[in-house]
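# Breakdown of the fold
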Amino acid sequence: MNKTNTENQTGFDRLTESDWEAIAATLPRDEDCDEMDWPERREPQLWMYDYSRDGNVIHFNRPKVTPLKDATIIGDLEAPHVNSLLNAPAIVATSNSAPRVAADKWRQLPGTWANVVHTLSTHPEKADKGGNALFFAESAPTGKTVDGVKLCHKLKDSIRRVFAVAIDVDGGGTVEQVIARIREMGTFAVVYTTHSHTTKGGVGSDRFRVILLLSEPFEFGEGDSRTARAAEWEARYVGLCNALVPGGGEWDFTASRPSQLMYAPARPLGAAFKHYIVAGGGLDLATVPMGDATPYRKRAPSGSARGASHDGGAAVLSDGFDLLAWHADHGENFLLSVFLEMIGWDVLSDAGDGFEILCPNAAGHSVGTGETAWVIDGPDAKNGAAIYCHHGHCADLRTCDFIRMLENQADLPEGFKTLSAVICDPMFYPAMVDGVPVEVNRGDYVEEVITIDWLKTPAAVKRAFGALDARSSRDAHAALYAGVAKGGGKPAVKEVLGDLIKESRRFNANDAKALEARGKELLKADNAAHAALKQEQRRTELETALTRPDLANPSMDPAEPLGSDLQSALATLGKRYAVVDLEGKFRVVRKPDLEAFKSETDSTIAVYRKDDFIDLHLDRQVKEGDALVNPARTFLDTEKRKSGLVFAPYPVVAGANDFNMYQGRKLKSQEADWPTLKDFIFRIICNADAAKYDWLILWMAQMVQFPGIKPGTAVICRGEGGAGKSTFGHLLGKLTSPHMKTLEKGSHVTGQFAGEHLQKCILAVVAEAVFGGDPKVASELKALISEPTTQVEAKGMSLITVPSFIRLYFESNNAAPVMIENNGSERRYFVMEICDSEVKNEAFFNSVNAAIIGDEMAGLLHFLEQYDPASVGLKWEAVRTAPETAERKLMGWHSMRPPTRRLLDVLRDGQVTLMVEGSLETFTADAVGLRLPRAPFRDHIAAVGDKRRAEDSDVAAMFARLFPDQVMGEGQGRVGSVKDARWWLFPVGVLGDAVDSAVLGTA
């Protein structure tokens, strides 16, 4: 799983032309890449290799593979045709505000392909995919510049020429499959997984983008030739996608639009990703066979329609904008297609004089009837810009109804606060019609807004009255009386207003009295609204402060100061605490500070009752106005509640309203060698056994990369004291701290209240605990190791079932610290006998402990984060079954019940002396096997067992469990001195050395 530091990432549209040149100078040559120090220089994976066939022999050729930031370069960048392409001019348009950016606010950056490729080589961790985006085309300039960079239009009809083909693959195939086809074509490409890859992709199905560099820009031309060229572009695009994407793969036809934005590489925090640069030549689009674009133009977008069905409301926007009146005045000039493209609506394809779009009312369509509607621009229509949908649920809807529905479904471009402001923007209308300028005044279509101003002087009254006109309502005039009262109600001011009302001749004396009374009502409502607004503003201000880390005290120590004012105090509290519902009880949780942990045993969180939390902060009151307030109270009044505590390690995702107790690991990785730790793990812990080492590293890497996927196996390290068992436990603890526990008693692992602390752990190190041969305890251990849930019974709280992610590491010098039952359940335990060659070697263990607390440990973590099990011929699934070891078989022997061990002793000796009819008689094996009378032998075996346990006398069951591939004979007749007895015959295959071979794996 690749990780990268995303600090100081440069946004696309912050780059100037000089920046491009500087970036190009840093693009590494192949010989530079060969010398770069990149992690674990492994052989390229097999799918990268070139191969050729010579008769029945296939020759594989190793490709050149080098790193560039987060990407892997496949091929030779210094090859003449590749170098020539990288130095060729390329024009892209960029924005770091996508998708909320107006169509005329895109920055057009000329440079070379080297610039673009270098910029596309990072794959940063981001909360969402928004921000940096680009399209690979030269577009008509707007005539404006920002920071010396020209702005251009991101509109379909503004595109002049395209420099690259961008393909958006939504699943049904893998990155590797597509890259193999790209390499066969010999084309240069940048391929990277999308932000939604880890959440929407599946096994064998990646979500990714492919950027193919053109050898020559594709010119769109003008007029009729432009229409033909646009059709050719679509046909070539379809042909290319069908050739590159495996059958059954899903690719998005909307990406064929040359102005379609593509998000730069990004991924969620901690997510896996793929990122490759394929070195090759430019794609000659003329060589690509043309495909049929018709099925793709006509189909509705995949997935369910967004939005909701029409609610029957009037065609008026939320700010009062009257769409019907506007359309009657300006619909004949409105460029509806440009408007839809600017707000990010799905424009699917051309359709005659108009085009197809995703119907805004598609959610109301019947299942299986499609989701499209038909649209035409105002200048091309007889009755103004129109949206028409033939589906039955849309039969009564008009164009303005559809536009109203867009208000809650589309994205407002940057700089616009309302959809009505977008609709009235001059960019959607011609400048002149029949020699008359086109002017669209938004205020003409918005209901009158009544405001109450402070009217303290006669001059203020005259100005306010002069702003009214014949269309102004009675309430607008009543607002003047409210303004005079708001300003103090001075007699001279009231007299001037009375004279103005009288002189207007619109109102008589009774009307004037009614206006004054109405003014009092308006003022009362205005005061109430003002008070509510102030309260809401204060609440918003406080809520905002909770999310302002720049205001907070950086210390997570609850005893440290909060800040000098209420905002900074709230910011600090928001950083340190969360308010949660804990089993129906109000609780405050203190968030952990991984950097401040003094040891691996520190508690990950602390929980407070409400009163305790308030009392804790009584000494840190701050001033709000003239009063002192306890910020803890304000915090509890303002902070958003969490619905509960969860423990959700990656790849498990906590709910939006959950507080995740998993806070990552304290240890931070960095590239570094780890020879001391590698020697310790391989030579001491694994006793120089390569197979054991490979599986143990797999188990450790799975714990690091996928802490939220339980492996279902545990590790047992057995040996004498001082050999290094506890040191290895300390090493494992460092990899999982603070989400680990060191336990010394069996009750801490399987006791009644053990689940409370184990539910918040990735690892438990069990030191010298012995669980004995109790079958009940053995069953509880097996469930703890492999079951996905566990029961938690915290003291004073009810029993609950929660997810379990625990792994167990046992260290012991006991012969059988856990019970190995040899019934198939032993697959859970990986048992090793530690090497004792360094016992009491103080210098050796000083060096190991120094490595554990030093850079070597960070290097080991980095190795485990990057680890690929295929590098040693394993798969991740192998972690679920612990391989058999001689030590596990021996522990199985020691775990056996005494009767079972006695049975094996008899079989090993090949003879036994039994009490038969009052006398001792010895029975010895012959060439057939060992024949014994059943009743006396059963008594002999059961004598060392527990009479209350039936299994201690069930010889047949013991034999079947020990030797599943052997058959124990039975019959009746003479046995020794007994003439007629029921007997068992133990075959020669289970006698003598065969016992140790079958049970212990030794000869």
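Residues numbered from 1 in each chain as written. Predicted model: local features only at pLDDT ≥ 70, side-chain atom pairs only at ≥ 80, totals over all residues. Heavy atoms only, no water.

Attention now goes to the overall build of the protein. Across its full length, the protein holds 32 helices and 42 strands. In the form shown here, the protein has an accessible surface area of approximately 47500 Å², with 49% of it arising from carbon and sulfur atoms. (Helix = DSSP H or I, 4+ residues; strand = E, 2+ residues; numbered from the N terminus. Areas by Shrake-Rupley, 256 points an atom, 1.4 Å probe, with all protein chains shown as cover.)

On inspection of all chains with the given rule, the structure shows 2 cavities of 30 Å³ or more. Lining the largest cavity are 13 residues, and of these Ala164, Ala166, Ala255, Arg257 and Pro258 lie nearest its centre. For the lining of the largest cavity, the secondary-structure elements that each account for two or more residues are β11 (159-171) and α7 (223-244). Considered class by class, the residues forming the lining of the largest cavity number 11 nonpolar, 1 polar and 1 charged. Approximately 50 Å³ is the volume found for the second largest cavity. Surrounding the second largest cavity, Tyr662, Arg665, Met703, Val704, Pro707, Leu735, Thr736 and Ile762 form its lining. Elements with a minimum of two residues in the lining of the second largest cavity: α21 (690-705) and α22 (725-736). Considering only residue class, the lining of the second largest cavity consists of 6 nonpolar, 1 polar and 1 charged. (1 Å grid on protein atoms, 1.4 Å probe; cavity = no way out; pocket = protein on both sides within 12 Å on 5 of 7 lines; lining within 4 Å. Points joined across faces, edges and corners; volume = space filled by probe spheres on them. Nonpolar A, V, L, I, M, F, W, Y, C, P; charged D, E, K, R; others polar.)

Here glutamate 838 is to be found in the loop between β37 (829-833) and α26 (842-852). Filtering out sequence-adjacent residues up to four positions away, glutamate 838 remains in contact with Arg683, Ile684, Gly722, Phe844 and Phe845. (Contact = heavy atoms within 4.5 Å.)

Moving on, we get to the pairing of strand β41 (residues 969-975). Sheet topology note: the β41/strand β42 (residues 978-987) ladder contains 6 bridges and is antiparallel. Residue glycine 971 lies in a different strand from β42, and its bridge partner there is tryptophan 983. The hairpin formed by β41 and β42 contains 2 residues between the paired strands, and glycine 976 there has a positive phi angle of roughly 60°. (Pairing = 2+ DSSP bridges.)

Its place among the elements puts serine 812 in strand β36 (residues 807-812). For serine 812, the side chain forms a polar contact with the main-chain nitrogen of asparagine 814, separated by 2.9 Å. Look past the residues within four positions of serine 812 in its chain and what remains in contact with it is Cys717, Arg718, Gly719, Lys725, Glu768 and Pro817. (Polar contact = N/O pair within 3.5 Å; in protein donor to acceptor, adjacent residues only side chain to side chain.)

This brings us to the nonpolar core. Core analysis: the biggest nonpolar cluster contains 75 residues, and Trp113, Phe136, Val165, Ile167, Phe188 and Leu212 have the highest contact counts within it. With 8 residues, β11 is the single largest residue contributor to this core. Not counting the four nearest positions on each side in its chain, valine 165 is found in contact with Val210, Ile211, Leu212, Leu214, Trp233, Tyr237, Leu240, Leu283 and Leu285. (Core = buried A, V, L, I, M, F, W, Y, C linked by side-chain atoms within 4.5 Å. Buried < 20%, exposed > 50% of the residue type's maximum accessible area, 1.4 Å probe, protein only.)

The next point concerns the pattern of salt bridges. Applying the stated criterion across every chain, the model contains 32 salt bridges. Among the ionic pairs, glutamate 865 bridges to arginine 665, the shortest N-O distance being 3.5 Å. With glutamate 865 in helix α27 (residues 855-866) and arginine 665 in the loop between β30 (658-660) and α20 (675-685), this pair connects stretches of sequence that are 200 residues apart. Grouping residues by exposure puts glutamate 865 and arginine 665 together as buried. The salt bridge involving glutamate 887 is made with lysine 692; its shortest N-O contact spans 2.4 Å. Of this pair, glutamate 887 sits in helix α28 (residues 886-895) while lysine 692 sits in helix α21; the two residues are 195 residues apart in sequence, bridging distant segments of the chain. Given the relative accessible area of 15%, glutamate 887 is considered buried. One network of salt bridges, in which partners are shared, links Glu138, Arg161 and Glu219. (Salt bridge = Lys/Arg side-chain N within 4 Å of Asp/Glu carboxyl O.)

A regular strand places its side chains on the two faces of the sheet in alternate fashion. Judged by which residues are buried, strand β38 (residues 911-916) turns out to be one-sided: Val912, Leu914 and Val916 face inward and are buried, whereas Gln911, Thr913 and Met915, on the alternate face, are not. Here β38 runs beside strand β39 (residues 919-924); their pairing, made up of 6 bridges, is antiparallel. Across the sheet, residue methionine 915 finds its bridge partner in β39, namely leucine 920. Hairpin connection of β38 to β39: 2 residues between the antiparallel strands, including glutamate 917 at a positive phi of 50°.

Linking two cysteines covalently through their sulfur atoms gives a disulfide. Per the stated rule, a full pass over the model turns up 0 disulfides. No disulfide involves cysteine 717; its sulfur sits 8.4 Å from the nearest other cysteine sulfur, which is in cysteine 686. (Disulfide = S-S within 2.5 Å.)

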